[in-house]
Amino acid sequence: IDEIEIITNEFHISRAWLMFAMALYKNETGHDLTLTEDERREIHTVLDETLLDEELGDKRELATVQAILGSYVGGLTLRVKPLIAEDILARRGPSGIKYGELIRHNEYVQETRGFERQGIKDLIDGKYQVK
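First things first, this report covers the structure right here in the doc. In every chain, residue numbers begin from 1 and rise along the written sequence. In view of the model being predicted, local features appear only for residues whose pLDDT reaches at least 70, and side-chain atom pairs are presented and counted only at 80 or more, with totals across whole chains, interfaces and linings using the full set of residues. By convention in this description, side-chain values take in all heavy atoms of the structure and omit both hydrogens and water.

**A closer look at the packing of helix α2 (residues 37-50) against helix α6 (residues 107-124)**
A packed helix pair is summarised by two numbers, namely the angle formed by the two axes and the spacing between the axes. Note the following rule: Axis angles are defined between N-to-C directions and span 0 to 180 degrees, where every axis is a line fitted to C-alpha atoms and, for a helix, only to the segment in contact. Helix and strand definitions follow DSSP, with helices as H or I runs of at least four residues and strands as E runs of at least two, each counted in order from the N terminus. Note on terminology: angles under 35 degrees are roughly parallel, angles over 145 are roughly antiparallel, angles of 65 to 115 are roughly perpendicular, and the others are oblique. Residues count as neighbours in contact if any of their non-hydrogen atoms are within 4.5 Å of one another. Each residue receives one of three labels: charged for Asp, Glu, Lys and Arg, nonpolar for Ala, Val, Leu, Ile, Met, Phe, Trp, Tyr, Cys and Pro, and polar for the others, Gly being one of them.
Between α2 and α6, the least distance of the axes is 10 Å, while the angle of their chain directions is 175°. Put simply, α2 runs roughly antiparallel to α6. Together, Arg40, Ile43, His44, Leu47, Asp48 and Thr50 of α2 and Arg113, Arg117, Ile120, Lys121 and Ile124 of α6 make up the contact between the two elements. Of the residues that constitute the contact of α2 with α6, the class distribution is four nonpolar, two polar and five charged.

What follows is the structure, encoded as structure tokens:
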């Protein structure tokens, strides 16, 4: 196996990908993945900037997080490929597009996007609490 795919909702994909990437890094190197202050600041900035963009914000957030972590995880023997559930649904046709949009624009999903971003900040800042 050289690649695993994770499938989850768009609002959750960045944190899920980050958690898997950090775990794989630790598994292969024996060390925690520790970002520089500049890298953490850049991620914090994109998380804040993309929060209000309900259409493309989550994908821009994911792309930025992946780019920043690229130098850390690019050489690992196992890669994590993020798959967005709403995009998979959209490829199934009109009913899939409709269902995906219902998820994306759900008021609770929109509220949760902020919590997800805070979770990413806590994770990269070493403050993430698992219950």
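Moving on from the model shown.
**Notes on the side chain of Glu86**
The criterion, for reference: Residue burial is assigned from relative accessible area. The probe radius is 1.4 Å, only protein chains are included, and a residue is buried under 20% of its type maximum, exposed over 50%, and partly exposed in between. All tallies of charge rest on Lys and Arg as positive and Asp and Glu as negative; His and the ends of each chain are not included. Here, a salt bridge means any side-chain nitrogen of Lys or Arg that lies within 4 Å of a carboxyl oxygen of Asp or Glu. Polar contact is defined as a pair of N or O atoms within 3.5 Å, subject to the rule that within protein one atom must be able to donate a hydrogen and the other to accept it, and that residues adjacent in sequence are counted only when both atoms are side-chain atoms.
Note that Glu86 resides in helix α4 (residues 85-90). The buried charged residue Glu86 lacks any salt bridge, with Arg104 as its nearest oppositely charged partner at 5.1 Å. A polar atom in the side chain of Glu86 sits 3.3 Å from the side chain of Asn9. A polar atom in the side chain of Glu86 sits 2.9 Å from the backbone nitrogen of Glu10.

**Thoughts on the nonpolar core**
Operational definition: Only buried residues count toward a nonpolar core, which is a set of Ala, Val, Leu, Ile, Met, Phe, Trp, Tyr and Cys residues joined through side-chain atoms within 4.5 Å.
Trp17, Leu18, Leu33, Leu35, Ile43, Leu69 and Val73 are the most contacted members of the largest nonpolar core, which totals 26 residues. Elements with a contribution of two residues or more to this core: α1 (13-29), α2, α3 (57-73), β2 (79-84) and α6. Counting residues per element, this core draws most heavily on α1, at eight residues. When sequence neighbours within four positions are dropped, the list of residues in contact with Leu35 reads Arg40, Ile43, Leu69, Tyr72 and Ile124.

**Description of the pattern of salt bridges**
Pairing is possible between side chains of opposite charge, provided their charged atoms come close. Within this structure, the stated rule accounts for 19 salt bridges. For Glu61, the salt bridge is made with Arg117, and the minimal N-O distance between the two is 2.8 Å. With a gap of 56 residues between them, Glu61 in helix α3 and Arg117 in helix α6 connect regions that are remote in the sequence. Taken individually, Glu61 and Arg117 each receive the classification buried, so the pair is uniform in this respect. One network of salt bridges, in which partners are shared, links Glu10, Lys59, Asp87, Glu101 and Arg104.

**Notes on α3**
Spelled out, the test is: Expected span, for any helix, means 1.5 Å times one less than how many residues it has. Bend is computed residue by residue as the angle between axes fitted to the seven residues ending at the residue and the seven residues starting at it.
With 17 residues, α3 should cover 24 Å at 1.5 Å per step; its first-to-last C-alpha distance of 23 Å lies within 8% of that length. Considering bend angle alone, the principal kink of α3 is centred on Ala67 and spans about 30°. Among the structural elements, α1, α2, β2 and α6 are those in contact with the buried residues of α3.

**Some words on α1**
The end-to-end C-alpha distance of α1, which contains 17 residues, comes to 24 Å, matching closely the 24 Å that a straight helix rising 1.5 Å per residue would cover. Three or more residues of α1 are buried, namely Ile13, Ser14, Arg15, Ala16, Trp17, Leu18, Ala21, Met22, Leu24 and Tyr25. Within two residues after α1, Gly30 carries a phi angle of roughly 80°, on the positive side.

**Quick word on empty space enclosed by the protein**
Let me state the cut-off plainly: A pocket, in this scheme, is an open set of points on a 1 Å grid over the protein atoms alone with protein on both sides within 12 Å along at least 5 of 7 lines, while a cavity is a set where a 1.4 Å probe fits but cannot get out; residues line either one if an atom lies within 4 Å of a point. Grid points are joined across faces, edges and corners, and a volume is the space filled by probe spheres set on the points.
Under the criterion given, the structure shown has one cavity of 30 Å³ or more. Looking at the largest cavity, its volume works out to about 50 Å³. Lining the largest cavity, in full, are Glu10, Phe11, Glu54, Asp58, Glu86, Arg104, Val109, Gln110 and Arg113. With three residues, α6 is the single largest residue contributor to the lining of the largest cavity. Grouping the constituent residues of the lining of the largest cavity by class yields two nonpolar, one polar and six charged.

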